[in-house]
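Secondary and tertiary structure notes
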Amino acid sequence: MITQHPKPLAHQPQHEVVKYQEQKLQELLAYLSQNSPFYKDLFAAHQIDINQVKTLDDLRLIPTTTKEDLQKRNDDFLCVDKGRIIEYSSTSGTLGSPVTIALTEIDLERLAYNEYNSFTCADGSAADLYQLMLTLDRQFMAGMAYYSGIRKIGAGIIRLGPGVPSLQWETILRLKPTAIVAVPSFILKLIYFAQEHDIDINTSSVKKAVCIGENIRNTDFSLNILGQKITEAWDIRLYSTYASTEMQTAFTECGEGRGGHHQPELLIVEVLDEHNNPVAPGESGEVTITTLGVEGMPLLRYKTGDICHYFDEPCGCGRTSIRLSSIVGRKKQMIKFKGTTLYPPALFDLLNGMEEIKDFVAEVYSNEIGMDEVLLHLLPVNYTDECDRKIRANLQARLRVSPHITYLKHDEMQKLQFPEAVRKPVKFIDKRK
Ligand SMILES: [Zn+2]
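Residue positions are counted from 1 within each chain, in the order its sequence is given. Note on the predicted model: pLDDT of at least 70 is required for a residue's local features to be given, and 80 or more for side-chain atom pairs to be given and counted; whole-chain, interface and lining totals, by contrast, use all residues. Excluded from the side-chain calculations are hydrogens and water; all other atoms, namely the structure's heavy atoms, are used.

**Points about the environment of Lys19**
Only DSSP runs of H or I reaching four residues or more are called helices, and only runs of E reaching two or more are called strands; each is numbered from the N terminus. On the secondary structure map, Lys19 appears in helix 1 (residues 14-35). Classification of residues uses two cut-offs on accessible area relative to the type maximum, computed with a 1.4 Å probe and protein chains only: under 20% is buried, over 50% is exposed, and between them is partly exposed. Residue Lys19 is classed as exposed on the basis of its relative accessible area of 58%. Residues Lys19 and Thr55, 36 residues apart in the sequence, show an inter-C-alpha distance of 8.9 Å.

**A short note on the coordination of the zinc ion**
Coordinating N, O and S atoms are those within 2.8 Å of the metal (3.2 Å for Na, K and Ca), and as water is not part of the atoms, a site may appear to have fewer donors than expected. Taken together, the protein donors to the zinc ion comprise Cys254 (SG), His261 (NE2), Cys315 (SG) and Cys317 (SG), at separations of 2.1 to 2.3 Å. A four-donor site is classed as tetrahedral when every donor-metal-donor angle falls between 85 and 135 degrees; four donors are called square planar, and six octahedral, when trans pairs exceed 155 degrees and all remaining angles lie between 65 and 115, with any other arrangement labelled irregular. One can describe the site at the zinc ion as tetrahedral: its four donor atoms subtend angles covering 102 to 114° at the metal. Read in sequence order, the donor residues for the zinc ion give the motif C-x6-H-x53-C-x1-C. Owing to a relative accessible area of 26%, Cys317 belongs among the partly exposed residues under this scheme.

**Some words on the side chain of Ser118**
By the secondary structure assignment, Ser118 is in helix 4 (residues 105-121). A residue is classified by how much of its surface remains accessible, and Ser118, at 2% relative accessible area, is buried. Residues count as neighbours in contact if any of their non-hydrogen atoms are within 4.5 Å of one another. Excluding anything up to four places from it in sequence, Ser118 contacts Ala250, Thr252 and Gln263.

**Topic: the environment of Lys433**
Along the chain, Lys433 turns up in the segment after strand 21 (428-430). With relative accessibility at 90%, the residue Lys433 sits in the exposed group. Considered as a pair, Lys433 and Gln139 are 294 residues apart in the sequence and their alpha carbons are 27 Å apart.

**Some remarks on unusual backbone geometry**
Keep in mind that most residues, glycine aside, have a negative phi and that most peptide bonds are trans. In this structure, Asp198 is a non-glycine residue whose phi angle is positive, near 55°. For Asp198, a relative accessible area of 75% puts it in the exposed group. Positive phi, close to 55°, is recorded for Gln248, a residue that is not glycine. Looking at the secondary structure, you find Gln248 in the loop between strand 7 (237-244) and strand 8 (249-252).

**Comments concerning the environment of Ile106**
Structurally, the position occupied by Ile106 is in helix 4. Measuring from C-alpha to C-alpha, the distance between Ile106 and Asp58 comes to 28 Å, with 48 residues separating the pair along the chain.

**Regarding the packing of helix 1 against helix 2 (residues 37-45)**
Where helix 1 contacts helix 2, the two axes come as close as 6 Å, and the packing angle between them is 100°. It follows that helix 1 is roughly perpendicular to helix 2 by the angle criterion. Between helix 1, through Leu29, Leu32, Ser33, Gln34 and Asn35, and helix 2, the contact on the second element is made entirely by Pro37, Tyr39, Lys40 and Phe43. Residue composition of the contact of helix 1 with helix 2, by class: five nonpolar, three polar and one charged. Only C-alpha atoms enter the line fits that serve as axes; for helices the fit covers just the stretch in contact. Angles between N-to-C directions range over 0 to 180 degrees. An angle below 35 degrees is treated as roughly parallel, one above 145 as roughly antiparallel, one from 65 to 115 as roughly perpendicular, and anything else as oblique. Charged residues are taken to be Asp, Glu, Lys and Arg, nonpolar residues to be Ala, Val, Leu, Ile, Met, Phe, Trp, Tyr, Cys and Pro, and polar residues to be all remaining types, Gly included.

**Some points on the pattern of salt bridges**
Each salt bridge in this description consists of a side-chain nitrogen of Lys or Arg and a carboxyl oxygen of Asp or Glu lying within 4 Å of one another. Scanning the entire structure with this criterion turns up 22 salt bridges. With its nearest N and O atoms 2.8 Å apart, the salt bridge here joins Arg432 to Asp372. One end of the pair, Arg432, is in the segment after strand 21; the other, Asp372, is in strand 19 (residues 372-380), with 60 residues separating them in the sequence. On the basis of relative accessibility, which here comes to 12%, the residue Asp372 falls in the buried class. Shared partners join several salt bridges into a network, and the residues in it are Asp41, Arg73 and Asp76.

**Brief notes about the packing of aromatic side chains**
Ring pairs are drawn from Phe, Tyr and Trp, using the six-membered ring of Trp, whenever the two centres fall within 6.5 Å, and their geometry is named by plane angle: stacked under 30 degrees, edge-to-face over 60, tilted for the rest. A complete count under the given rule lists 11 aromatic pairs for this structure. Ring plane angle 40° and centroid distance 5.7 Å describe the contact between Phe348 and Phe360, whose orientation is recorded as tilted. Of this pair, Phe348 sits in helix 9 (residues 344-352) while Phe360 sits in strand 18 (residues 357-366), and the two are 12 residues apart along the sequence. We note that Phe348, like Phe360, is buried. Chaining the aromatic ring pairs together yields one cluster made of Phe38, Tyr39, Phe43 and Phe77. Between the NZ or CZ atom of Lys427 and the centre of the ring of Phe360, over which it lies, the distance is 4.3 Å. Counting as a charge over the ring demands two things of the Lys NZ or Arg CZ atom: a distance within 6 Å of the ring centre and an angle within 35 degrees of the ring normal.

**A look at the nonpolar core**
The definition of a nonpolar core used throughout is a set of buried Ala, Val, Leu, Ile, Met, Phe, Trp, Tyr and Cys residues joined through side-chain atoms within 4.5 Å. The biggest cluster of nonpolar side chains holds 49 residues, and the ones touching the most others in it are Leu29, Tyr39, Phe43, Ile62, Leu300 and Leu324. Within the residue set of this core, elements represented by two or more residues are helix 1, helix 2, strand 2 (100-104), helix 4, helix 5 (141-153), strand 10 (267-272), strand 11 (285-291) and strand 12 (302-308). Among the elements that make up this core, the one with the highest residue count is helix 1 (five residues). Ignoring any residue separated from it by four or fewer positions in sequence, one finds Phe43 in contact with Leu29, Leu32, Ser33, Ile48, Ile50, Ile62 and Leu300. Membership of the second largest hydrophobic core comes to 40 residues, among which are Leu188, Ile201, Ile236 and Leu238.

**Things to note about the sheet that holds strand 20 (residues 404-407)**
Read from one edge to the other, the open sheet built from four strands follows the order 20-19-18-21, with strand pairing classed as mixed. Strand pairing shows two members of the sheet lacking a second neighbour, strand 20 and strand 21, which therefore form its edges. Along the sheet, successive strands turn relative to each other by an average axial angle of 20°, direction set aside. Note: two strands are recorded as paired if DSSP finds a minimum of 2 bridges between them. The pairing of strand 18 with strand 21 spans three bridges and is parallel. Residue pairing in the sheet places Val364 in a bridge with Asp430 of strand 21. Along the sheet, helix 9 makes contact with strand 18, strand 19 and strand 21, crossing strand 18 at roughly 150°. Docked against the sheet, helix 10 (residues 385-399) engages strand 18, strand 19 and strand 20, running at close to 150° with respect to strand 20.

Here you go:
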């Protein structure tokens, strides 16, 4: 089931892609109907004759799979004997109970190939040295994926782990990496640290950053506030990457910086509205994926919960595959806030743009009548009544409603963002029922 190509399908004409994907789809359906307890039940319950599903359009004959399905019947998605599993990865569990995704040797090879393509797409080569500012344990699939993908490219790796700006800089100055892989808000912390300690960041060896976990662009590809703040201070090129544990595949930007490229040999992608109909390019829809080449836990029409836009015109880099915008929001995290609708990334962008605020966590909870309320935990640069007044006025003007605000000290913020066993800093807490 390995699907490696001498030349990635992303560069090939659309008809080649469709031909390849339709062939792989039929193999997948046959495989699932033989080996997947969940999909065997699904096909039986909906009287689906897999032989009737031949084209990509025919996919709509099959019901979608949801995160709840994976949470409730996690083990029933496994298609191989447990003895063949090598890695047990898991989702972060920020949206409900965590899901285990088990990978076989073939899946690990596929994962490495996926990141080989991703890092190549992000202008990576054997000449690069990457400093990984993220965890490689805690069942975090991405860390392992980056590591194996970079190895496949033949580039160098420094596994430094997350946090500790002083150690990151000491290592950058000593080993001279050309690239970093990090959460964008942490890159900003690196910049602040350098400024406070007289490190001249623009003469450092780092020339590019692969940005994980947070948006650096608006949906029209322009840099958002976070992306602007980074590049204004530090002359490096930013590449955004979007992935999830369930899809075992990344969408990574090329040097054009116009959305994350789809890898057609690894996924079939649909972008669907609430009624599971495809949306047009440039419209908001939920990213829905079908994995190709996955052996352990393949997924068919899995709704990721991530709302994106997609673009289908060929890219300046020569790739013809579709590109996904940065995430508008996670469907479950939509906040209905006193008559307006808000997704956390838009709120984060607003908070990142306020110079009075050094760091933040946004919390949403249900009030006594079941409506969403927002509580912002803020670390002010320098708390004064004047600063408080400015922050409240700015939020009121931009959101048209006033969220609740509580000011924290540095160590309180640290505690809130890094409770035990998290892999990334917490920026959003959902306490709704
Ligand atoms: Zn491109």
